[in-house]
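Residue-level listing of the chains:
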Amino acid sequence: MSRQVSLCKACGFFLAPLMVLLLLMAELGFAQAPLAEALATETEAAEDAEPEPADSPSQEDIWAPVVERLVAQGLDRGQLTELFSRPEAVFDPEPMSRKLNGLFKTAFGSSRIERMQRNLAFLEHDPGAVDGVYGDATHAAIRSFQRERGLRVDGLPSADTAFEVRAAAERKRGREIRRNPAYANTAGGSVYRSVMKPERLAEAREFYVTSRALIRRMEIQYNVPGQVAAGIVAVETRAGRYLGVTPALTTLASMALCRDFSLVEEMFAHKELSEEQMGWVRETAARKADWALREAAALIEYSGQAGVDPFSLPGSLYGAIGVSQFMPTSALKWGVDGDQDGRLDLFTVEDAVMSLGNFLVEHGWEGGSEDVVRAALYRYNHSNRYVNTVLAVAEHI
């Protein structure tokens, strides 16, 4: 018995420290996972952790290319720095993406390509299948035609080349066509259906009646029919009811920034473009970006003369402003202070109507001949459908 008690005491002497050690290990978490496993888990967690995000470019850095180019055009650096540091100056790639996509479809769209293929085949420049697809055979046929006619040889179905191909085919058929597409006959011509709805035509008529005194003054000074002026305003802005939402400067500056093609390149990533097509897209983007920069500079100048905040002026999808939707460069060249308050403000009806009359006269409006009338309207907006619609609305009034 005494020996059993002694043995128990001895076991207790050795087990007590062991129990304490086990309890301590459990508290520290070692009982649930071996040390090597715990270390491995910690290492994996560290590897899975997201890296620290890189610093985003500042607003000043984003707009620096546009600011520098505007400074080179003579604008004040201090004013530009302050302007493009404001929250309204948010880069938007959508306007340039939309413009390039539309121009690309026009240049390389299936119906246009199919017409060129038919004419090229008629002129004995084999385009392969007449299927509306711009492939290697069509590219080679266009190059062959351009080389034969002494044109720039690039194989692209540009508007100029399309016209030359069509003109050559028509001459071979014994007919001639005119260069300016605005001379097309309006009979059966397409129009903007949304503008020809009864409620939209009623808006045009209402504008013509309520602004009759102003319109009569414009008719006397510029010899432009009031119905045509009302038609333009109705088509452009629903007679001033819709002037746009996005600041025109945001739109134009964003397009100007897209001279860096990488900002919109993703839009064409899914398209299988040839080297020539991608070259055309890049060249067009640079050309449109330069155009937008000139318009942005003109808008800043216009707002300064009008004494308004540049970002307070809403614009169209591509930066046109006011009731009559002038591009800023046109506003500076042909804008008229119609209400004679000492400043040009195209968001007032008086200035807008007198300005559009002046624009049409400066671009060949003389009245009488339909060709002259259509050509002047085409200069206002380079669209046959637009010309047709304005004339259709004017006839309704």
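Residues numbered from 1 in each chain as written. Predicted model: local features only at pLDDT ≥ 70, side-chain atom pairs only at ≥ 80, totals over all residues. Heavy atoms only, no water.

### Regarding the environment of Ile321
Okay, so step 1: Counting through the fold element by element, Ile321 comes out in the loop between α13 (275-306) and α14 (328-334).
Okay, so step 2: Along the sequence, Ile321 and Leu299 sit 22 residues apart, while their C-alpha atoms lie 9.2 Å from each other.
Okay, so step 3: Beyond its immediate sequence surroundings of up to four residues, Ile321 is in contact with Ala248, Leu299, Tyr302, Pro314, Gly315, Phe326 and Phe347. (Helix = DSSP H or I, 4+ residues; strand = E, 2+ residues; numbered from the N terminus. Contact = heavy atoms within 4.5 Å.)

### Description of the packing of helix α6 (residues 110-122) against helix α7 (residues 136-149)
The relative placement of two packed helices is expressed as an angle between their axes plus a distance between the axes.
Okay, so step 1: Running from N to C, α6 and α7 cross one another at 55°; their axes reach a closest spacing of 11 Å. With respect to α7, the axis of α6 lies oblique. Both α6 and α7 take part in a crossing whose hand is left-handed. Two secondary-structure elements touch here, α6 through Ile113, Met116, Gln117 and Leu120 and α7 through Thr138, Ala141, Ile142 and Phe145.
Okay, so step 2: Residues that form the contact of α6 with α7 fall into these classes: 6 nonpolar, 2 polar and no charged. (Axes fitted to C-alpha atoms, helices over the stretch in contact; angles between N-to-C directions. Parallel < 35°, antiparallel > 145°, perpendicular 65-115°, else oblique. Left-handed = near helix turned anticlockwise from the far one by under 90°. Nonpolar A, V, L, I, M, F, W, Y, C, P; charged D, E, K, R; others polar.)

### Structural notes on the packing of helix α9 (residues 198-210) against helix α11 (residues 226-237)
Okay, so step 1: Running from N to C, α9 and α11 cross one another at 130°; their axes reach a closest spacing of 9 Å. Taken together, the axis directions place α9 and α11 in an arrangement best described as oblique. Where α9 crosses over α11, the handedness of that crossing is right-handed. Residue-level inspection shows Arg200, Ala204, Phe207 and Tyr208 of α9 in contact with α11, the latter providing Gly226, Gln227, Ala230, Val233, Ala234 and Val235.
Okay, so step 2: Broken down by class, the residue content of the contact of α9 with α11 amounts to 7 nonpolar, 2 polar and 1 charged.

### Quick look at helix α10 (residues 212-222)
Okay, so step 1: By the burial criterion, the buried members of α10 are Leu214, Ile215, Met218, Glu219 and Tyr222. Looking straight down α10, one finds its buried side chains confined to an arc of 140°; they lie on one side. Seen from the open side of α10, the exposed residues pointing more than 90 degrees away from its buried face are Ala213 and Ile220.
Okay, so step 2: Contacts from the buried residues of α10 go to α9, α11 and α15 (349-362).
Okay, so step 3: Just past α10, the residue Asn223 takes up positive phi, approximately 60°. (Buried < 20%, exposed > 50% of the residue type's maximum accessible area, 1.4 Å probe, protein only. Arc of directions from axis to C-beta.)

### With respect to the pattern of salt bridges
Okay, so step 1: According to the stated counting rule, one finds 20 salt bridges in the structure shown.
Okay, so step 2: Among the salt bridges present, the one from Arg152 reaches Asp154, with a minimum N-O distance of 3.9 Å.
Okay, so step 3: Given a relative accessible area of 59%, Arg152 falls into the exposed group.
Okay, so step 4: Its relative accessible area of 16% is what places Asp154 among the buried residues.
Okay, so step 5: Linked by salt bridges that have partners in common, Arg200, Glu203, Glu206, Arg238 and Arg241 make up one network. (Salt bridge = Lys/Arg side-chain N within 4 Å of Asp/Glu carboxyl O.)

### Examining the side chain of Glu295
Okay, so step 1: Mapped onto the elements, Glu295 comes out in helix α13.
Okay, so step 2: Lacking a salt bridge, the buried Glu295 has Arg294 as its closest oppositely charged neighbour, with an N-O distance of 6.3 Å.
Okay, so step 3: Within the structure, the side chain of Glu295 is placed 2.6 Å from the side chain of Thr329, a separation counted as a polar contact.
Okay, so step 4: With residues up to four places along the chain from it excluded, the contact list for Glu295 reads Leu252, Met327, Pro328 and Thr329. (Lys, Arg positive; Asp, Glu negative; His and termini not counted. Polar contact = N/O pair within 3.5 Å; in protein donor to acceptor, adjacent residues only side chain to side chain.)

### A look at the packing of aromatic side chains
Okay, so step 1: With the rule as written, the count across this model stands at 11 aromatic pairs.
Okay, so step 2: Taken together, a centroid distance of 5.8 Å and an interplanar angle of 70° make the contact between Phe104 and Phe268 edge-to-face. Highlighted residues: Phe104 in helix α5 (residues 94-108) and Phe268 in the loop between α12 (248-257) and α13, separated in sequence by 164 residues. In terms of burial, Phe104 and Phe268 fall into one category: buried.
Okay, so step 3: Above the face of the Trp291 ring, Lys288 is positioned so that its terminal group lies 5.7 Å from the ring centre. (Phe/Tyr/Trp six-rings, centres within 6.5 Å; stacked < 30°, edge-to-face > 60°. Lys NZ or Arg CZ within 6 Å of the ring centre and 35° of its normal.)

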